[in-house]
Amino acid sequence: MHGTDVTALFDLPDEAATQELGKNLAQTLLPGQVIFLEGDLGAGKTTLARAMIRALGHTGPVKSPTYALVEVYVVSSLYLYHFDFYRFESPEEFLDAGFGEYFNEASVCLVEWPDKAVGCVPSPDLRIHLRHAGSARVAELAASSERGASCIRTLASIRAAGNSCATPDLP
Ligand SMILES: Nc1ncnc2c1ncn2[C@@H]1O[C@H](COP(=O)(O)OP(=O)(O)OP(=O)(O)O)[C@@H](O)[C@H]1O
Ligand SMILES: [Mg+2]
């Protein structure tokens with residue numbers, strides 16, 4: 001996998017800022033997109049995914065897929081799969097579960113703990129790494145494809161239009 005040099009840093013002082021970033025990210029989603037959500041336990045991966053899914057129009061609960069491994073949504077004419085591979089004991093469990101089929105041009109895949117399926121899960125378009133910063137969080141975005149780069153550029157233009165409370169810090 002080759003990265004691009006398109007990256008962005010977002011300061012997320014509180015949960016509302018994480019939710020705002022998720023809402024803005026939802027506007028950049030296209031079928032076929034794969035987004036990795038990385039970071040320690042409690043870094044805000046599910047919070048971000050939940051905000052994206054809600055912004056796409058889902059009104060019911062958005063459960064963490066920690067136990068089910070995947071939650072499926074059909075929203076805004078998209079098939080959206082929200083995975084969490086935290087409980088994998090080996091990356092091959094991804095293949096055994098038949099999850100490869102979910103990654104196709106008609107679906108959007110959000111993946112928590114992708115490193116637990118390393119070598120088996122397909123490459124992402126966008127990697128979002130969340131980390132603790134005191135009681136706040138910081139999100140580092142890195143595009144791994146032109147589709148991911150376009151996502152980051154759209155986020156930057158949403159910020160420029162003044163619709164976001166999250167602060168991107170583009171290089
Ligand atoms: N920017 C933020 N500042 C402070 N707290 C936040 C922020 N974003 C999310 N949180 C809080 O962090 C907590 C953990 O979030 P979440 O469950 O989304 O983490 P996670 O990364 O999915 O964890 P896990 O690895 O266990 O799946 C939640 O209580 C949420 O409210
Ligand atoms: Mg989670």
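Below: a short report on this structure. Keep in mind it's a predicted model, so treat the numbers as computed, not measured. (Residues numbered from 1 in each chain as written. Chains lettered and ligands numbered in written order. Predicted model: local features only at pLDDT ≥ 70, side-chain atom pairs only at ≥ 80, totals over all residues.)

**Considering the overall build of the protein**
Rules: Numbering goes from the N terminus for both helices and strands, where a helix is a DSSP run of H or I of at least four residues and a strand is a run of E of at least two. Radius of gyration means the value over C-alpha atoms here, while the globule rule gives 2.2 Å times the residue count to the 0.38 power. Counts of 20 or more other C-beta atoms within 10 Å of a residue's own C-beta define buried residues, counts of 12 or fewer define exposed ones, and intermediate counts define partly exposed ones; C-beta atoms are placed from the backbone. For every residue pair, C-beta atoms are placed from the backbone, and the pair is scored as a contact if these atoms sit within 7 Å.
For the protein, the count of helices and strands is four helices and eight strands. Over its C-alpha atoms the protein spans a radius of gyration of 15 Å, differing by no more than 12% from the 16 Å that the globule rule assigns to 171 residues. With respect to the principal axes defined by its C-alpha atoms, the protein has extents near 45 × 35 × 30 Å. Put simply, the protein has 171 residues, and 41% of those count as buried. Long-range contacts, defined here as pairs at least 24 residues apart, represent 69% of the contacts in the protein between residues at least 6 apart.

**A short note on the nonpolar core**
Which entries qualify depends on this criterion: Core membership is restricted to buried Ala, Val, Leu, Ile, Met, Phe, Trp, Tyr and Cys residues, and these are joined into a nonpolar core through C-beta atoms within 7 Å.
Residues Ile-35, Leu-37, Leu-48, Met-52, Leu-110, Val-111 and Ile-128 are the most contacted members of the largest nonpolar core, which totals 43 residues. Per-element tally for this core: the top contributor is helix H2 (residues 45–55), with five residues. Ignoring sequence-local partners within four residues, the contact set of Leu-48 consists of Thr-18, Leu-21, Gly-22, Leu-37, Ile-128 and Leu-130.

**Topic: the packing of helix H1 (residues 15–26) against H2**
Rules: Helix axes use the C-alpha atoms of the stretch in contact, all axes being lines fitted to C-alpha atoms, and the angles between their N-to-C directions lie in the range 0 to 180 degrees. If an angle is under 35 degrees, it is roughly parallel; if it is over 145, roughly antiparallel; if it lies from 65 to 115, roughly perpendicular; otherwise it is oblique. Handedness of a helix crossing follows the sense of rotation of the near helix relative to the far helix, less than a right angle counterclockwise being left-handed and clockwise being right-handed. Residues are grouped as follows: nonpolar covers Ala, Val, Leu, Ile, Met, Phe, Trp, Tyr, Cys and Pro; charged covers Asp, Glu, Lys and Arg; every other residue, Gly included, is treated as polar.
At a closest axis distance of 7 Å, the pairing of H1 and H2 adopts a crossing angle of 50 degrees. Here H2 runs oblique to H1, going by the angle between their axes. Crossing of H1 over H2 shows right-handed handedness. Across the interface between the two elements, Glu-15, Thr-18, Gln-19, Leu-21, Gly-22, Lys-23, Leu-25 and Ala-26 from H1 touch Thr-47, Leu-48, Ala-51, Met-52 and Ala-55 from H2. A per-class count over the contact of H1 with H2 returns seven nonpolar, four polar and two charged.

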